[in-house]
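Topology and contacts: notes
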Amino acid sequence: MAEVLPSTVQELVENGDELPQRYIWRDAGDYGPIDLSVPLTAEIPSIDVGRLVSAVDAAAELLNLRSALTSWGCFQVVNHGIDELFLDEVRQLGREFFHLPMSEKQKYARQGDGYEGYGNDLVLFDKQPLDWSDRLYLQVAPDDHQKLQYWPQNPQSFRKVLHDYSGKLRQIEEQLLKSIEKSLSIPEGSFLSKFGQGQMMYARFNYYPPCSKPDQVLALKPHADGSAITILLQDDRDVRGLQLLKDNHWFWVPIIPHALLVNIGDQLEILSNGICKSPVHRAVTNSERERSTVAMFCSPDPEKEIGPIQQLVDDEKRPRMFKQVKNFTETWFNYYQQGKRPIDAFRI
Ligand SMILES: O=C(O)CCC(=O)C(=O)O
Ligand SMILES: [Fe+2]
């Protein structure tokens with residue numbers, strides 16, 4: 001059962017408390033120890049949405065997209081049509097919220113064993129190391145699933161800006177899924193039709209306070225996302241935090257201030273029969289600077305069963321790699337807190 005810890009990371013820092021042992025990352029496991037000196041790579045591909053929809057450039061950009069999906073499983077989306085000032089406003093929402101007095105933030109605190117609302121890392125197991133992060137986690141779609149009691153009314157514009165942002169990201173999500181289908185030479189709607197009426201979006205505002213021991217504490221444990229795709233707005237204040245694993249090596253993900261970083265999630269890896277890669281990533285802490293990011297997780301209707309789509313299964317050349325699965329996100333948190341990859345449970 002989920003237990004709510006008495007204090008957030010932010011409170012620990014503000015109180016000047018000694019670093020609790022529970023935050024020390026011990027289990028280097030398959031992914032190796034924390035390393036703050038990994039290379040910064042310019043190789044993470046950029047995908048230009050304008051080119052994806054242009055008659056002249058689409059073919060070349062679809063090839064870039066295909067290569068991004070099958071290698072990094074991650075790309076920076078540029079020329080996406082969302083106004084830069086609006087993206088700054090979205091980032092600002094999170095920052096302002098996390099800087100409100102604790103009594104104000106606690107009005108939106110996560111309750112009991114629920115996942116939504118304001119809080120720190122979920123505690124599901126006794127020995128689990130804790131993430132150095134506070135977050136505000138909210139379901140934004142379908143609309144009638146929103147739990148508005150957790151949606152801040154301070155900053156005053158919070159609800160409207162989040163609503164508008166999710167509408168814009170929904171359009172980008174659909175455009176990207178169409179392009180992904182095209183890049184894999186499968187009929188339009190092959191993926192999107194599996195998302196169903198109840199396709200979901202969850203927003204997670206992440207807040208990582210400075211940490212005195214960045215070499216021993218992780219901001220987010222290594223994981224691949226449980227979504228189909230995640231759209232991440234990174235902190236643009238020149239504070240690096242996100243690292244991505246490729247071919248067993250960690251790399252820093254560069255900050256491109258007004259790009260949207262897309263990570264393929266496990267559910268698209270399953271739907272594409274393993275062709276699209278869902279990359280393992282982690283967030284590290286910084287001893288001096290805080291960092292905040294906004295992640296939007298886009299997933300199929302949890303009531304719909306998903307599995308590899310028929311067009312991408314070939315008994316001889318590409319046998320089915322995954323079982324059918326329903327409500328993937330539900331099992332995801334359990335695996336995450338045990339340091340395991342949920343997708344492995346569904347491999348054939
Ligand atoms: O904050 C980041 O840079 C990464 C966030 C992330 O991976 C997540 O929320 O799943
Ligand atoms: Fe993630």
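Keep in mind the model is a prediction, meaning the values are calculated, not measured.

What counts, and at which threshold
- Residues numbered from 1 in each chain as written.
- Chains lettered and ligands numbered in written order.
- Predicted model: local features only at pLDDT ≥ 70, side-chain atom pairs only at ≥ 80, totals over all residues.
- Heavy atoms only, no water.
- Pairing = 2+ DSSP bridges.
- Helix = DSSP H or I, 4+ residues; strand = E, 2+ residues; numbered from the N terminus.
- Axes fitted to C-alpha atoms, helices over the stretch in contact; angles between N-to-C directions.
- Expected span 1.5 Å × (residues − 1).
- Contact = heavy atoms within 4.5 Å.
- Donors = N, O, S within 2.8 Å, 3.2 Å for Na, K, Ca; no water.
- Buried < 20%, exposed > 50% of the residue type's maximum accessible area, 1.4 Å probe, protein only.
- UniProt positions renumbered as here; feature names shortened; annotations may be inferred.

With antiparallel pairing, four strands are arranged side by side in an open sheet as β6-β11-β8-β9. Unpaired on one side and paired on the other, β6 (218-223) and β9 (249-252) mark the two borders of the sheet. With strand direction ignored, the average angle separating the axes of adjacent strands in the sheet is 25°. Here strand β8 (residues 242-246) pairs with β9 via four bridges, running antiparallel. Among the inter-strand pairings, L245 is bridged to a residue of β9, identified as W250.

We now examine helix α3 (residues 58-70). The terminal C-alpha atoms of α3 lie 18 Å apart, and with 13 residues this matches the ideal 18 Å at 1.5 Å per residue to within 8%. Those residues of α3 that are buried are in contact with β1 (46-48), α2 (49-52), β2 (74-78), α6 (158-183) and β10 (260-264).

Octahedral six-donor coordination of a metal ideally yields angles of 90 or 180 degrees, compared with 109.5 degrees for tetrahedral four-donor coordination. Coordination of the iron ion (ligand 2) by the protein comes from H223 (NE2), D225 (OD) and H281 (NE2), over a distance range of 2.1 Å. Mapped onto the sequence, the donors of the iron ion (ligand 2) take the spacing H-x1-D-x55-H. A residue pair is termed long-range when its members are at least 10 positions apart, and D225 in the loop between β6 and β7 (229-233) and H281 in strand β11 (residues 281-284) qualify at 56 residues. Accessibility classification places D225 together with H281 in one group, the buried group.

Let us now look at the sheet that holds strand β5 (residues 200-208). The sheet built from eight strands is open, its strands ordered β1-β2-β10-β7-β12-β5-β4-β3 with mixed pairing. Every other strand in the sheet has two partners, leaving β1 and β3 (117-120) as the edge strands with one partner each. Sheet twist, expressed as the average angle between the axes of neighbouring strands with direction ignored, equals 25°. Of the strands in this sheet, β2, β4 (134-141), β5, β7, β10 and β12 (291-299) touch α6, which is tilted by about 120° from β5.

So, on to the UniProt feature "domain: Fe2OG dioxygenase" (unreviewed entry) in the protein. The UniProt feature table records "domain: Fe2OG dioxygenase" (unreviewed entry) at residues 199-300. Taken end to end, residues 199-300 is 6% helix and 46% strand, and its first and last C-alpha atoms sit 4 Å apart.

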